Amino acid sequence: MSKDLYIIAHNIRSLYNIGTIFRTSDAIGVKELFLTGYSGHPPRKEISKVALGAEESIEWKHYKSLNYLLKKLKKNKVKIIALETNKNSINYLKFKPKFPLALIVGNEVRGLSSSILKNVDQTIFIPMNGIKESLNVGIAMGVAGYYIISKK
């Protein structure tokens, strides 16, 4: 079984966050990055400014339709994991990854919709100890991503 990790960045509005996701994906050894919905994609100077060349070293594709991509990944036996806080989420530190795996991160403000969450295999969350309810999407992806690859 492949121990590949994929990242899906869905409807990320900030090109700087996309740059962070590229750079972090490269750092943790992501097999491929999928940018979906209205997420920006290279070539863009705002992405390059933060990615520092990772946008050229990591494999990536843009899909308008997240549903199409999810069906394609599931057909290839890729487990779909959402990073989102909801009633079905488990603490990311209790998550036991099974590979190949795709981690979805969503919009900076709205996160992932309930219709998307119905199509995932599991939902994980990062506990917050302060007054804010979430981390920056790129940081959250890095925290969860590093944990997941540590379990390979």
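For the structure itself, look to the data block above.
Everything numeric here is computed off the predicted structure, so don't read it as measured data.

Conventions we followed
Residues numbered from 1 in each chain as written. Predicted model: local features only at pLDDT ≥ 70, side-chain atom pairs only at ≥ 80, totals over all residues. Heavy atoms only, no water. Helix = DSSP H or I, 4+ residues; strand = E, 2+ residues; numbered from the N terminus. Buried < 20%, exposed > 50% of the residue type's maximum accessible area, 1.4 Å probe, protein only. Contact = heavy atoms within 4.5 Å. Polar contact = N/O pair within 3.5 Å; in protein donor to acceptor, adjacent residues only side chain to side chain. Pairing = 2+ DSSP bridges. Axes fitted to C-alpha atoms, helices over the stretch in contact; angles between N-to-C directions.

**Details of the side chain of Glu46**
As for its position among the elements, Glu46 is in helix H2 (residues 45-51). Looking at Glu46, the relative accessible area reads 18%, which means it is buried. Ignoring sequence-local partners within four residues, the contact set of Glu46 consists of Leu15 and Tyr16.

**So, the side chain of Glu55**
Counting through the fold element by element, Glu55 comes out in helix H3 (residues 54-57). Within the local environment of Glu55, its side chain forms a polar contact with the side chain of Ser48, the two groups lying 2.8 Å apart. Of the polar contacts made by the side chain of Glu55, one reaches the backbone nitrogen of Gly53; its length is 3.1 Å. Once you skip the residues sitting within four places of it in the chain, Glu55 turns out to touch Phe22, Pro42, Ile47, Ser48 and Trp60.

**Some remarks on the sheet that holds strand E6 (residues 101-105)**
One open sheet holds the 7 strands; their spatial order is E3-E2-E1-E6-E4-E7-E5, and the pairing between them is parallel. With one partner strand each, in any of the chains shown, strand E3 (60-63) and strand E5 (90-91) form the two edges of the open sheet. Here 4 bridges tie strand E4 (residues 79-83) to E6, and the two strands are oriented parallel to one another. Across the sheet, the residue bridging to Ala82 is Ile104, located in E6. The strands touched by helix H4 (residues 66-75) within the sheet are strand E1 (5-10), strand E2 (32-36), E3, E4 and E6, with E1 carrying the most contacts at an inclination of about 165°. Docked against the sheet, helix H6 (residues 137-150) engages E1, E4, E6 and strand E7 (122-125), running at close to 160° with respect to E6.

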